[in-house]
Amino acid sequence: MKRCVLLSSLLLLAGLNLYAAEPPQVKVAQGTLQGTRDADLYLFRGVPFAAPPVGNLRWRPPQPAASWKGVRNADAFAARCMQRPVFSDMRFRSNGISEDCLYLNVWTSTLDASARQPVLVYFYGGGFIAGDGSEFRYDGASMARRGITTVTVNYRLDVFGMLAHPELTKESPAHASGNYTLLDQAAALKWVRTNIAAFGGDPQRITIAGESAGSMSVSGLMASPLSKDLIAGAIGESGSALFNLMPLSKGEENGVAFMKAAGATSVAELRRMPAEQLLELAGREGMPRTTIIQDGLFFTEAPAQTFAQGRQAHVPLLVGSNSQENWYGGVLGQEPPTPANYARVLKTRFGDVDAARLMKLYPGNTDEEVMRSGTALAGDMFLGYVTWKWAELHTATGNAPTYYYYYSHPRPVTVAEPNKPADPGAVHSAEIEYAMGNLATNKVFKWTPADYQVSAVMQDYFANFIRHGNPNDEHLQDWAPYGDAGHPRMTIDVEPKLAPDAHRERYELLREIIDGVGPRG
(Lines give C-alpha, C1' and ligand atoms only; values in the text may rest on other atoms or scores of the structure.)
Protein backbone atom coordinates (compact mmCIF):
# COMPACT_ATOMS: atom_id res chain seq x y z
CA MET A 1 0.00 0.00 0.00
CA LYS A 2 2.80 2.42 0.92
CA ARG A 3 4.55 1.51 -2.35
CA CYS A 4 1.38 2.47 -4.30
CA VAL A 5 1.08 5.78 -2.48
CA LEU A 6 4.75 6.52 -3.12
CA LEU A 7 4.41 5.62 -6.79
CA SER A 8 1.31 7.83 -7.13
CA SER A 9 3.14 10.72 -5.48
CA LEU A 10 6.11 10.34 -7.81
CA LEU A 11 3.84 10.26 -10.84
CA LEU A 12 2.02 13.38 -9.59
CA LEU A 13 5.32 15.22 -9.05
CA ALA A 14 6.52 14.16 -12.48
CA GLY A 15 3.30 15.49 -13.97
CA LEU A 16 3.68 18.80 -12.12
CA ASN A 17 7.29 19.13 -13.28
CA LEU A 18 6.26 18.37 -16.85
CA TYR A 19 3.53 21.01 -16.59
CA ALA A 20 5.95 23.53 -15.12
CA ALA A 21 8.38 22.90 -17.98
CA GLU A 22 5.75 23.59 -20.65
CA PRO A 23 6.68 26.75 -22.59
CA PRO A 24 4.22 29.60 -21.94
CA GLN A 25 1.73 30.52 -24.64
CA VAL A 26 -0.42 33.57 -25.23
CA LYS A 27 -3.07 34.39 -27.81
CA VAL A 28 -2.67 37.72 -29.59
CA ALA A 29 -4.64 39.20 -32.48
CA GLN A 30 -2.45 37.47 -35.10
CA GLY A 31 -2.28 34.01 -33.51
CA THR A 32 -0.69 32.04 -30.68
CA LEU A 33 2.81 32.84 -29.44
CA GLN A 34 5.06 30.50 -27.51
CA GLY A 35 7.70 32.11 -25.31
CA THR A 36 10.14 30.95 -22.65
CA ARG A 37 10.51 30.99 -18.88
CA ASP A 38 13.29 32.65 -16.89
CA ALA A 39 12.79 31.61 -13.28
CA ASP A 40 9.75 33.64 -12.21
CA LEU A 41 9.30 35.51 -15.50
CA TYR A 42 7.73 34.89 -18.89
CA LEU A 43 9.68 36.11 -21.92
CA PHE A 44 8.39 36.61 -25.45
CA ARG A 45 11.02 37.78 -27.91
CA GLY A 46 10.84 38.54 -31.61
CA VAL A 47 7.10 39.25 -31.65
CA PRO A 48 5.99 40.82 -34.96
CA PHE A 49 3.98 44.02 -34.55
CA ALA A 50 4.00 45.00 -38.24
CA ALA A 51 4.65 43.46 -41.62
CA PRO A 52 8.29 43.30 -42.79
CA PRO A 53 9.00 46.69 -44.44
CA VAL A 54 10.72 45.17 -47.46
CA GLY A 55 10.25 45.34 -51.23
CA ASN A 56 7.35 47.57 -52.08
CA LEU A 57 6.82 48.30 -48.35
CA ARG A 58 10.21 49.97 -48.05
CA TRP A 59 9.57 53.64 -47.18
CA ARG A 60 5.90 53.15 -46.50
CA PRO A 61 4.07 53.45 -43.19
CA PRO A 62 4.10 50.14 -41.28
CA GLN A 63 1.40 47.68 -42.30
CA PRO A 64 -0.35 45.23 -39.94
CA ALA A 65 1.47 42.03 -39.08
CA ALA A 66 0.12 38.95 -40.85
CA SER A 67 -1.78 36.30 -38.96
CA TRP A 68 -0.42 32.77 -38.65
CA LYS A 69 -1.81 29.33 -38.02
CA GLY A 70 -0.64 27.08 -35.26
CA VAL A 71 1.93 28.25 -32.72
CA ARG A 72 4.67 30.77 -33.50
CA ASN A 73 7.88 30.59 -31.50
CA ALA A 74 8.81 33.81 -29.71
CA ASP A 75 11.94 32.51 -28.03
CA ALA A 76 14.70 34.60 -29.64
CA PHE A 77 15.38 38.24 -30.42
CA ALA A 78 14.74 39.18 -34.03
CA ALA A 79 17.38 40.77 -36.23
CA ARG A 80 18.11 44.40 -35.47
CA CYS A 81 17.18 47.01 -38.05
CA MET A 82 19.67 48.01 -40.75
CA GLN A 83 22.55 49.90 -39.13
CA ARG A 84 26.29 50.37 -39.12
CA PRO A 85 28.50 49.56 -36.07
CA VAL A 86 28.89 53.16 -34.95
CA PHE A 87 28.64 52.99 -31.12
CA SER A 88 31.05 50.82 -29.16
CA ASP A 89 28.84 50.63 -26.07
CA MET A 90 26.00 48.80 -27.84
CA ARG A 91 25.95 45.08 -26.93
CA PHE A 92 23.33 43.15 -28.84
CA ARG A 93 21.72 39.77 -28.30
CA SER A 94 20.05 39.79 -31.72
CA ASN A 95 21.44 37.81 -34.62
CA GLY A 96 22.61 40.17 -37.35
CA ILE A 97 20.80 42.96 -39.17
CA SER A 98 17.88 42.92 -41.60
CA GLU A 99 15.19 45.12 -43.07
CA ASP A 100 12.76 42.57 -41.65
CA CYS A 101 13.08 43.97 -38.13
CA LEU A 102 9.74 45.26 -36.86
CA TYR A 103 9.50 43.10 -33.76
CA LEU A 104 9.12 43.70 -30.04
CA ASN A 105 9.99 41.85 -26.84
CA VAL A 106 7.96 41.36 -23.66
CA TRP A 107 9.00 40.52 -20.09
CA THR A 108 6.24 39.84 -17.57
CA SER A 109 5.69 38.16 -14.22
CA THR A 110 2.16 37.01 -15.06
CA LEU A 111 0.03 35.96 -18.00
CA ASP A 112 -3.20 36.56 -16.11
CA ALA A 113 -5.23 38.99 -18.21
CA SER A 114 -7.02 40.18 -15.08
CA ALA A 115 -3.74 41.23 -13.42
CA ARG A 116 -3.78 44.59 -15.21
CA GLN A 117 -0.15 45.38 -14.45
CA PRO A 118 1.26 48.79 -15.45
CA VAL A 119 3.12 48.65 -18.75
CA LEU A 120 6.46 50.16 -19.77
CA VAL A 121 7.30 50.49 -23.47
CA TYR A 122 10.95 51.48 -23.91
CA PHE A 123 12.44 52.96 -27.10
CA TYR A 124 16.22 52.66 -27.46
CA GLY A 125 18.63 55.47 -28.24
CA GLY A 126 21.32 55.63 -30.88
CA GLY A 127 20.86 58.83 -32.85
CA PHE A 128 18.21 57.21 -35.07
CA ILE A 129 21.05 55.39 -36.85
CA ALA A 130 21.71 52.49 -34.45
CA GLY A 131 20.29 50.58 -31.48
CA ASP A 132 18.13 47.57 -30.77
CA GLY A 133 15.61 46.23 -28.29
CA SER A 134 17.90 43.29 -27.53
CA GLU A 135 20.62 45.41 -25.89
CA PHE A 136 21.48 44.25 -22.38
CA ARG A 137 21.00 47.71 -20.89
CA TYR A 138 17.32 47.74 -21.89
CA ASP A 139 16.57 44.26 -20.56
CA GLY A 140 13.11 44.25 -19.00
CA ALA A 141 13.57 41.53 -16.37
CA SER A 142 14.28 43.82 -13.43
CA MET A 143 11.24 46.00 -14.13
CA ALA A 144 9.09 42.91 -14.71
CA ARG A 145 10.06 41.59 -11.28
CA ARG A 146 8.65 44.82 -9.88
CA GLY A 147 5.26 43.97 -11.35
CA ILE A 148 5.63 46.01 -14.55
CA THR A 149 4.98 44.35 -17.90
CA THR A 150 7.95 45.62 -19.92
CA VAL A 151 8.32 45.93 -23.69
CA THR A 152 11.21 46.95 -25.95
CA VAL A 153 10.54 47.88 -29.57
CA ASN A 154 12.59 47.85 -32.76
CA TYR A 155 12.08 50.62 -35.32
CA ARG A 156 13.57 51.46 -38.70
CA LEU A 157 16.76 53.52 -38.67
CA ASP A 158 18.87 55.80 -40.82
CA VAL A 159 17.83 56.15 -44.46
CA PHE A 160 15.34 53.26 -44.09
CA GLY A 161 13.48 55.10 -41.35
CA MET A 162 13.76 58.69 -42.48
CA LEU A 163 14.05 59.10 -46.24
CA ALA A 164 11.70 61.72 -47.63
CA HIS A 165 11.25 62.28 -51.37
CA PRO A 166 8.71 64.05 -53.62
CA GLU A 167 7.68 60.69 -55.12
CA LEU A 168 7.07 59.23 -51.68
CA THR A 169 5.04 62.29 -50.72
CA LYS A 170 3.00 62.03 -53.92
CA GLU A 171 2.15 58.36 -53.42
CA SER A 172 1.10 58.95 -49.79
CA PRO A 173 -2.64 59.49 -49.13
CA ALA A 174 -1.55 61.97 -46.44
CA HIS A 175 0.90 63.71 -48.84
CA ALA A 176 3.71 62.96 -46.39
CA SER A 177 7.02 61.12 -46.44
CA GLY A 178 9.79 60.36 -43.97
CA ASN A 179 9.39 59.66 -40.24
CA TYR A 180 8.88 55.91 -40.80
CA THR A 181 10.93 55.56 -37.61
CA LEU A 182 8.22 57.30 -35.60
CA LEU A 183 5.38 55.66 -37.49
CA ASP A 184 6.87 52.27 -36.52
CA GLN A 185 6.83 53.32 -32.88
CA ALA A 186 3.21 54.44 -33.10
CA ALA A 187 2.28 51.13 -34.73
CA ALA A 188 4.03 49.25 -31.92
CA LEU A 189 2.06 51.23 -29.35
CA LYS A 190 -1.19 50.36 -31.09
CA TRP A 191 -0.21 46.68 -31.08
CA VAL A 192 0.63 46.86 -27.38
CA ARG A 193 -2.65 48.60 -26.62
CA THR A 194 -4.54 45.80 -28.41
CA ASN A 195 -2.60 42.82 -27.10
CA ILE A 196 -0.83 43.60 -23.84
CA ALA A 197 -3.64 42.24 -21.62
CA ALA A 198 -2.64 38.75 -22.78
CA PHE A 199 0.74 39.38 -21.14
CA GLY A 200 -0.82 40.55 -17.86
CA GLY A 201 -0.61 44.25 -18.74
CA ASP A 202 -3.16 47.03 -18.50
CA PRO A 203 -3.77 48.64 -21.92
CA GLN A 204 -4.97 51.80 -20.17
CA ARG A 205 -1.73 52.23 -18.20
CA ILE A 206 1.03 52.34 -20.80
CA THR A 207 4.03 54.51 -19.96
CA ILE A 208 6.49 55.18 -22.77
CA ALA A 209 10.17 55.83 -22.10
CA GLY A 210 13.39 56.33 -23.98
CA GLU A 211 16.89 57.78 -23.88
CA SER A 212 18.52 60.18 -26.37
CA ALA A 213 16.86 59.40 -29.74
CA GLY A 214 14.38 57.33 -27.72
CA SER A 215 13.67 60.37 -25.56
CA MET A 216 13.16 62.51 -28.66
CA SER A 217 10.75 59.83 -29.83
CA VAL A 218 8.82 59.96 -26.57
CA SER A 219 8.31 63.71 -26.91
CA GLY A 220 7.18 63.17 -30.50
CA LEU A 221 4.77 60.40 -29.51
CA MET A 222 3.27 62.73 -26.92
CA ALA A 223 2.70 65.33 -29.65
CA SER A 224 1.49 63.17 -32.52
CA PRO A 225 -2.24 62.70 -33.11
CA LEU A 226 -1.40 59.10 -34.09
CA SER A 227 -0.15 58.15 -30.63
CA LYS A 228 -0.92 60.72 -27.94
CA ASP A 229 -4.16 58.99 -26.90
CA LEU A 230 -2.42 55.63 -26.42
CA ILE A 231 -0.31 56.52 -23.39
CA ALA A 232 -0.81 57.17 -19.68
CA GLY A 233 2.63 58.55 -18.87
CA ALA A 234 6.01 59.43 -20.38
CA ILE A 235 9.67 59.29 -19.34
CA GLY A 236 12.33 61.19 -21.26
CA GLU A 237 16.04 60.74 -20.64
CA SER A 238 18.25 63.34 -22.34
CA GLY A 239 16.60 64.69 -25.45
CA SER A 240 13.46 66.04 -27.06
CA ALA A 241 12.09 66.83 -30.50
CA LEU A 242 10.90 70.27 -29.38
CA PHE A 243 13.31 72.13 -31.57
CA ASN A 244 13.31 73.39 -35.12
CA LEU A 245 12.49 70.24 -37.06
CA MET A 246 13.56 69.96 -40.67
CA PRO A 247 10.63 70.89 -42.96
CA LEU A 248 9.28 68.31 -45.38
CA SER A 249 10.59 70.31 -48.36
CA LYS A 250 14.17 70.13 -47.06
CA GLY A 251 13.78 66.43 -46.32
CA GLU A 252 12.56 65.88 -49.88
CA GLU A 253 15.53 67.85 -51.21
CA ASN A 254 17.90 65.59 -49.29
CA GLY A 255 16.04 62.56 -50.60
CA VAL A 256 16.48 63.74 -54.16
CA ALA A 257 20.21 64.12 -53.53
CA PHE A 258 20.36 60.62 -52.06
CA MET A 259 18.58 59.15 -55.06
CA LYS A 260 21.01 60.88 -57.40
CA ALA A 261 24.00 59.58 -55.42
CA ALA A 262 22.53 56.08 -55.62
CA GLY A 263 22.33 56.35 -59.42
CA ALA A 264 18.57 55.76 -59.38
CA THR A 265 15.92 57.65 -61.31
CA SER A 266 12.85 56.62 -59.29
CA VAL A 267 11.74 55.38 -55.90
CA ALA A 268 10.88 52.09 -57.58
CA GLU A 269 14.55 51.67 -58.49
CA LEU A 270 15.62 52.54 -54.97
CA ARG A 271 13.23 49.92 -53.61
CA ARG A 272 14.87 47.28 -55.78
CA MET A 273 18.37 48.06 -54.55
CA PRO A 274 19.94 45.80 -51.89
CA ALA A 275 19.54 47.16 -48.38
CA GLU A 276 23.28 46.77 -47.74
CA GLN A 277 24.07 49.01 -50.71
CA LEU A 278 21.76 51.75 -49.48
CA LEU A 279 23.14 51.52 -45.94
CA GLU A 280 26.71 51.85 -47.20
CA LEU A 281 25.76 54.84 -49.33
CA ALA A 282 23.97 56.57 -46.43
CA GLY A 283 27.13 56.32 -44.34
CA ARG A 284 29.44 57.96 -46.84
CA GLU A 285 30.99 61.25 -45.88
CA GLY A 286 29.19 64.23 -47.37
CA MET A 287 25.86 62.48 -47.89
CA PRO A 288 22.84 64.64 -46.97
CA ARG A 289 21.57 63.63 -43.58
CA THR A 290 18.21 62.07 -42.92
CA THR A 291 16.43 63.00 -39.73
CA ILE A 292 12.95 63.28 -38.29
CA ILE A 293 11.00 65.99 -40.08
CA GLN A 294 7.75 67.87 -39.88
CA ASP A 295 6.10 65.49 -42.29
CA GLY A 296 2.40 66.34 -42.14
CA LEU A 297 1.34 62.86 -40.99
CA PHE A 298 3.08 61.98 -37.75
CA PHE A 299 3.59 65.67 -37.03
CA THR A 300 0.72 67.79 -38.31
CA GLU A 301 2.42 70.86 -36.85
CA ALA A 302 5.72 71.69 -35.18
CA PRO A 303 5.84 69.66 -31.93
CA ALA A 304 7.05 72.74 -30.02
CA GLN A 305 3.85 74.45 -31.14
CA THR A 306 1.80 71.44 -30.11
CA PHE A 307 3.22 71.67 -26.58
CA ALA A 308 3.01 75.45 -26.46
CA GLN A 309 -0.70 75.27 -27.31
CA GLY A 310 -1.41 72.36 -24.95
CA ARG A 311 -2.39 69.91 -27.68
CA GLN A 312 -0.01 67.15 -26.52
CA ALA A 313 -0.95 64.14 -24.41
CA HIS A 314 -2.05 65.42 -21.00
CA VAL A 315 -0.19 62.79 -19.00
CA PRO A 316 2.42 62.88 -16.21
CA LEU A 317 5.97 63.39 -17.45
CA LEU A 318 9.27 62.42 -15.79
CA VAL A 319 12.17 64.00 -17.65
CA GLY A 320 15.76 65.10 -17.22
CA SER A 321 19.34 65.02 -18.41
CA ASN A 322 22.85 64.18 -17.22
CA SER A 323 25.66 66.27 -15.80
CA GLN A 324 28.12 65.49 -18.61
CA GLU A 325 26.08 65.13 -21.79
CA ASN A 326 29.00 66.38 -23.85
CA TRP A 327 32.56 67.61 -23.29
CA TYR A 328 34.28 70.93 -23.85
CA GLY A 329 35.41 69.86 -27.32
CA GLY A 330 31.79 70.25 -28.33
CA VAL A 331 32.36 74.00 -28.00
CA LEU A 332 36.08 74.38 -28.61
CA GLY A 333 36.57 71.72 -31.25
CA GLN A 334 40.29 70.93 -31.46
CA GLU A 335 41.34 74.17 -29.76
CA PRO A 336 43.16 73.81 -26.40
CA PRO A 337 40.95 74.75 -23.41
CA THR A 338 42.45 78.14 -22.59
CA PRO A 339 40.59 81.32 -21.60
CA ALA A 340 41.74 83.09 -24.79
CA ASN A 341 40.54 80.29 -27.06
CA TYR A 342 37.27 79.99 -25.17
CA ALA A 343 36.51 83.71 -25.45
CA ARG A 344 37.41 83.77 -29.13
CA VAL A 345 35.31 80.72 -30.00
CA LEU A 346 32.26 82.09 -28.18
CA LYS A 347 32.55 85.46 -29.94
CA THR A 348 32.96 83.80 -33.34
CA ARG A 349 30.01 81.51 -32.78
CA PHE A 350 27.57 83.79 -30.95
CA GLY A 351 28.71 87.37 -31.52
CA ASP A 352 30.11 89.80 -28.99
CA VAL A 353 26.88 90.53 -27.10
CA ASP A 354 25.69 86.95 -26.62
CA ALA A 355 29.22 85.71 -25.95
CA ALA A 356 29.52 88.19 -23.08
CA ARG A 357 26.17 87.04 -21.66
CA LEU A 358 27.22 83.41 -21.92
CA MET A 359 30.53 84.12 -20.20
CA LYS A 360 28.67 85.32 -17.12
CA LEU A 361 26.91 81.97 -16.71
CA TYR A 362 29.61 79.76 -18.25
CA PRO A 363 32.79 81.59 -17.07
CA GLY A 364 36.22 80.73 -18.43
CA ASN A 365 38.94 82.55 -16.49
CA THR A 366 41.30 79.59 -16.08
CA ASP A 367 42.03 76.46 -18.07
CA GLU A 368 40.21 74.37 -15.48
CA GLU A 369 37.20 76.67 -15.55
CA VAL A 370 37.15 76.57 -19.34
CA MET A 371 37.05 72.78 -19.28
CA ARG A 372 34.26 72.82 -16.71
CA SER A 373 32.17 75.58 -18.32
CA GLY A 374 32.87 74.36 -21.84
CA THR A 375 31.63 70.90 -20.86
CA ALA A 376 28.50 72.41 -19.28
CA LEU A 377 27.75 74.63 -22.30
CA ALA A 378 28.37 71.83 -24.78
CA GLY A 379 26.08 69.51 -22.80
CA ASP A 380 23.37 72.14 -22.50
CA MET A 381 23.48 72.94 -26.21
CA PHE A 382 23.52 69.26 -27.14
CA LEU A 383 20.60 68.00 -25.05
CA GLY A 384 20.27 69.77 -21.71
CA TYR A 385 18.43 72.79 -23.06
CA VAL A 386 15.97 70.97 -25.32
CA THR A 387 15.16 68.54 -22.50
CA TRP A 388 14.50 71.46 -20.14
CA LYS A 389 12.36 73.12 -22.82
CA TRP A 390 10.18 70.00 -22.91
CA ALA A 391 9.80 70.06 -19.13
CA GLU A 392 9.06 73.78 -19.17
CA LEU A 393 6.38 73.60 -21.87
CA HIS A 394 4.63 70.54 -20.45
CA THR A 395 4.62 72.11 -16.99
CA ALA A 396 2.84 75.13 -18.46
CA THR A 397 0.30 73.40 -20.71
CA GLY A 398 0.18 69.68 -19.96
CA ASN A 399 -2.51 69.67 -17.26
CA ALA A 400 -0.47 66.96 -15.51
CA PRO A 401 2.60 67.01 -13.25
CA THR A 402 6.12 67.15 -14.63
CA TYR A 403 8.96 65.68 -12.55
CA TYR A 404 12.34 67.07 -13.56
CA TYR A 405 15.69 65.46 -12.72
CA TYR A 406 19.41 66.04 -13.04
CA TYR A 407 21.42 62.82 -13.08
CA SER A 408 24.92 63.47 -11.71
CA HIS A 409 26.35 60.11 -10.61
CA PRO A 410 29.57 59.25 -12.53
CA ARG A 411 30.19 55.67 -13.57
CA PRO A 412 33.14 53.99 -11.82
CA VAL A 413 36.46 52.99 -13.37
CA THR A 414 36.50 50.24 -15.94
CA VAL A 415 37.59 46.66 -15.33
CA ALA A 416 40.15 46.86 -18.14
CA GLU A 417 41.74 50.13 -16.96
CA PRO A 418 41.13 50.44 -13.20
CA ASN A 419 43.91 53.03 -12.81
CA LYS A 420 42.49 55.35 -15.46
CA PRO A 421 40.36 58.11 -13.85
CA ALA A 422 36.63 57.79 -14.34
CA ASP A 423 34.65 60.53 -16.04
CA PRO A 424 34.01 63.38 -13.58
CA GLY A 425 30.32 63.54 -14.45
CA ALA A 426 27.47 61.40 -15.69
CA VAL A 427 28.12 61.02 -19.41
CA HIS A 428 25.43 60.73 -22.06
CA SER A 429 23.53 57.41 -21.73
CA ALA A 430 25.25 56.52 -18.41
CA GLU A 431 21.96 56.40 -16.50
CA ILE A 432 20.26 53.68 -18.55
CA GLU A 433 21.58 50.63 -16.67
CA TYR A 434 20.86 52.36 -13.37
CA ALA A 435 17.28 53.26 -14.25
CA MET A 436 16.45 49.84 -15.71
CA GLY A 437 18.23 47.86 -12.98
CA ASN A 438 20.78 46.33 -15.34
CA LEU A 439 24.20 47.18 -13.86
CA ALA A 440 25.12 43.51 -13.56
CA THR A 441 24.67 42.97 -17.30
CA ASN A 442 27.42 45.50 -18.08
CA LYS A 443 30.82 43.89 -17.45
CA VAL A 444 32.80 46.96 -18.57
CA PHE A 445 32.70 48.85 -15.26
CA LYS A 446 33.77 47.97 -11.72
CA TRP A 447 30.42 48.59 -10.07
CA THR A 448 30.50 49.50 -6.39
CA PRO A 449 27.88 49.31 -3.62
CA ALA A 450 27.27 53.03 -4.21
CA ASP A 451 26.39 52.33 -7.85
CA TYR A 452 23.86 49.69 -6.84
CA GLN A 453 22.44 52.09 -4.27
CA VAL A 454 21.94 54.77 -6.94
CA SER A 455 20.40 52.19 -9.26
CA ALA A 456 17.94 51.01 -6.61
CA VAL A 457 16.82 54.59 -5.91
CA MET A 458 16.53 55.56 -9.55
CA GLN A 459 14.65 52.41 -10.46
CA ASP A 460 12.32 52.95 -7.49
CA TYR A 461 11.52 56.43 -8.75
CA PHE A 462 10.93 55.19 -12.28
CA ALA A 463 8.86 52.17 -11.20
CA ASN A 464 6.67 54.29 -8.90
CA PHE A 465 6.09 56.73 -11.74
CA ILE A 466 5.13 53.91 -14.12
CA ARG A 467 2.68 52.54 -11.57
CA HIS A 468 1.08 55.77 -10.37
CA GLY A 469 2.23 58.70 -12.51
CA ASN A 470 4.10 59.88 -9.41
CA PRO A 471 7.68 58.83 -8.47
CA ASN A 472 7.18 59.15 -4.72
CA ASP A 473 6.75 56.63 -1.94
CA GLU A 474 7.38 56.75 1.81
CA HIS A 475 10.90 55.30 1.48
CA LEU A 476 12.31 57.89 -0.93
CA GLN A 477 13.35 61.53 -0.82
CA ASP A 478 10.17 63.46 -1.66
CA TRP A 479 10.08 64.67 -5.26
CA ALA A 480 7.85 67.68 -5.92
CA PRO A 481 6.60 68.56 -9.43
CA TYR A 482 8.57 71.09 -11.43
CA GLY A 483 5.62 73.46 -11.44
CA ASP A 484 5.84 73.99 -7.68
CA ALA A 485 7.42 77.13 -6.19
CA GLY A 486 11.10 77.44 -7.05
CA HIS A 487 10.89 74.89 -9.88
CA PRO A 488 12.24 71.97 -7.83
CA ARG A 489 14.63 69.59 -9.58
CA MET A 490 15.74 66.22 -8.24
CA THR A 491 19.48 65.61 -8.39
CA ILE A 492 19.91 61.84 -8.58
CA ASP A 493 23.14 60.61 -6.98
CA VAL A 494 24.17 58.58 -3.95
CA GLU A 495 22.19 61.03 -1.85
CA PRO A 496 19.21 62.30 -3.91
CA LYS A 497 18.54 65.97 -3.33
CA LEU A 498 15.54 68.12 -4.23
CA ALA A 499 16.38 71.80 -4.72
CA PRO A 500 15.40 74.73 -6.95
CA ASP A 501 16.62 74.28 -10.52
CA ALA A 502 20.17 75.64 -10.40
CA HIS A 503 20.48 75.80 -14.18
CA ARG A 504 17.25 77.58 -15.01
CA GLU A 505 19.01 80.91 -15.67
CA ARG A 506 21.34 79.18 -18.14
CA TYR A 507 18.45 77.65 -20.04
CA GLU A 508 16.48 80.88 -20.13
CA LEU A 509 19.49 82.57 -21.71
CA LEU A 510 19.87 79.77 -24.25
CA ARG A 511 16.18 80.12 -25.07
CA GLU A 512 16.78 83.77 -25.93
CA ILE A 513 19.87 83.01 -27.99
CA ILE A 514 18.75 79.83 -29.75
CA ASP A 515 15.03 80.44 -30.15
CA GLY A 516 15.16 84.23 -30.37
CA VAL A 517 12.70 84.57 -27.50
CA GLY A 518 13.03 87.66 -25.33
CA PRO A 519 15.74 90.32 -25.16
CA ARG A 520 19.20 89.81 -26.64
CA GLY A 521 20.93 92.48 -24.58
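Just above, that's the structure.
Residues numbered from 1 in each chain as written. Predicted model: local features only at pLDDT ≥ 70, side-chain atom pairs only at ≥ 80, totals over all residues. Heavy atoms only, no water.

*Asks:* What is the right way to read the overall build of the protein chain from this model?
*Replies:* Counting secondary structure elements, the protein chain contains 17 helices and 16 strands. For a compact globule of 521 residues, the expected C-alpha radius of gyration is about 24 Å, and the protein chain comes in at 24 Å, within 12% of that figure. Taking the principal axes of its C-alpha atoms as reference, the protein chain extends roughly 95 × 60 × 50 Å. Burial status across the protein chain gives 56% buried among its 521 residues. Long-range contacts, defined here as pairs at least 24 residues apart, represent 75% of the contacts in the protein chain between residues at least 6 apart. Accessible area for the protein chain stands at about 21600 Å²; split by element, carbon and sulfur atoms hold 54% of it. Charged side chains of the protein chain number 48 positive and 53 negative; the gap between the two group centres comes to 5 Å. (Helix = DSSP H or I, 4+ residues; strand = E, 2+ residues; numbered from the N terminus. Rg over C-alpha atoms; globule rule 2.2 N^0.38 Å. Buried < 20%, exposed > 50% of the residue type's maximum accessible area, 1.4 Å probe, protein only. Contact = heavy atoms within 4.5 Å. Areas by Shrake-Rupley, 256 points an atom, 1.4 Å probe, with all protein chains shown as cover. Lys, Arg positive; Asp, Glu negative; His and termini not counted. Charge placed at Lys NZ, Arg CZ, Asp CG, Glu CD.)

*Asks:* So what exactly am I meant to see when it comes to the sheet that holds strand β9 (residues 201-211) here?
*Replies:* Within a sheet, each strand pairs with its neighbour through backbone hydrogen bonds, oriented either parallel or antiparallel. Pairing is mixed in the open sheet, where eleven strands are placed in the order β3-β4-β6-β8-β7-β9-β10-β13-β14-β15-β16. Bordering the open sheet on either side are β3 (36-38) and β16 (497-500), each of which pairs with just one other strand. Taken over all neighbouring pairs, the strand axes of this sheet differ in orientation by 25° on average, direction set aside. Packing against the sheet, helix α5 (residues 180-195) makes contact with β4 (41-48), β6 (103-108), β7 (117-123), β8 (149-153) and β9, and its axis sits at approximately 155° to β9. (Pairing = 2+ DSSP bridges. Axes fitted to C-alpha atoms, helices over the stretch in contact; angles between N-to-C directions.)

*Asks:* Can you help me understand the environment of E252 in this one?
*Replies:* Along the chain, the position of E252 falls in helix α7 (residues 248-262). For E252 and D112, which are 140 residues apart along the polypeptide, the C-alpha to C-alpha distance reads 47 Å.

*Asks:* Any chance you could explain unusual backbone geometry here in plain terms?
*Replies:* Peptide bonds are mostly trans, and most non-glycine residues show a negative phi. Positive phi, normally seen in glycine, also occurs at W59, with a value near 60°. Although it is not a glycine, N179 sits at a positive phi angle of roughly 60°. Position of N179 among the secondary structure elements: in the loop between α4 (166-171) and α5. Residue classification places N179 among the buried residues on the basis of a relative accessible area of 0%.

*Asks:* Please explain the nonpolar core as it appears in this structure.
*Replies:* Generally speaking, nonpolar side chains in soluble globular proteins are found buried as a group. Ranked by internal contacts, the top residues of the largest apolar core, which has 135 residues, are V121, F199, I208 and L270. No other element matches helix α14 (residues 367-397), which puts eleven residues into this core. Discounting residues that sit within four places of it in the chain, F199 has contacts with V26, V28, L33, F44, V106, T108, T110, L111, T149 and W191. Counting residues in hydrophobic clusters, the runner-up holds six residues, among them L41, F77, W107 and A144. (Core = buried A, V, L, I, M, F, W, Y, C linked by side-chain atoms within 4.5 Å.)

*Asks:* Explain the side chain of N254 to me, please; I cannot follow it from the model alone.
*Replies:* Counting through the fold element by element, N254 comes out in helix α7. What makes N254 buried here is its relative accessible area of 11%. Those residues in contact with N254 that sit more than four places away from it in its chain are M246, P288 and R289.

*Asks:* How should I be thinking about the sheet that holds strand β1 (residues 25-28) in this particular structure?
*Replies:* Taken in spatial order, the three strands of this open sheet run β1-β2-β5, and their pairing is mixed. Of all strands in the sheet, those bounded by a partner on one side alone are β1 and β5 (71-73). This sheet shows a mean twist of 35° between the axes of neighbouring strands, independent of strand direction. Here β1 runs beside strand β2 (residues 31-34); their pairing, made up of four bridges, is antiparallel. Along β2, the bridge assignment pairs V26 with L33.

*Asks:* I would appreciate a short explanation of the pairing of strand β14 (residues 402-407) in the present structure.
*Replies:* Taken residue by residue, a regular strand's side chains alternate between the two faces of the sheet. Among the six residues in β14, six count as buried, and that is most of the element. The alternating pattern of β14 places T402, Y404 and Y406 and Y403, Y405 and Y407 on opposite faces, both of which are buried. Pairing analysis gives six bridges linking strand β13 (residues 317-322) to β14, with the strands arranged parallel. Within β14, the position partnered with V319 by the bridge is Y404.

*Asks:* Looking at this structure, I do not really get the pattern of salt bridges. What am I missing?
*Replies:* Taken as a whole, this structure holds 24 salt bridges when the rule is applied. Taking the shortest distance from any N to any O, the salt bridge between D40 and R145 comes out at 2.9 Å. Placement of D40 in the loop between β3 and β4 and of R145 in the loop between α2 (141-144) and β8 is noted, with a sequence separation of 105 residues between them. Owing to a relative accessible area of 40%, D40 belongs among the partly exposed residues under this scheme. In the salt-bridge network here, residues are joined through shared partners; they are R60, E171 and R271. (Salt bridge = Lys/Arg side-chain N within 4 Å of Asp/Glu carboxyl O.)

*Asks:* Would you mind going over the packing of α7 against helix α9 (residues 275-282) with me for this structure?
*Replies:* Packed helices, taken two at a time, are described by their axes: the angle between them and the distance between them. In contact at an axis separation of 11 Å, α7 and α9 are set at 115° when each is read in the N-to-C sense. Between α7 and α9 lies a crossing of right-handed hand. Contacts between α7 and α9 involve F258, A261 and A262 on the former and, on the latter, L278, L281 and A282. (Left-handed = near helix turned anticlockwise from the far one by under 90°.)

*Asks:* Even after reading the chapter, I still don't get the state of the cysteines, so can you show me in this structure?
*Replies:* Here is the idea: a disulfide is a covalent bond, and it sits between the sulfur atoms of two cysteines. By the definition in use, this model includes one disulfide. The disulfide that involves C81 links it to C101, with 2.1 Å between the sulfurs. Its torsion about the S-S bond being 95°, the disulfide of C81 and C101 is classed as right-handed. Remark: C101 occurs in the loop between β5 and β6 and C81 occurs in the loop between β5 and β6; sequence separation between them is 20 residues. Comparing C81 with C101 shows no difference in burial state: the two are buried. (Disulfide = S-S within 2.5 Å.)

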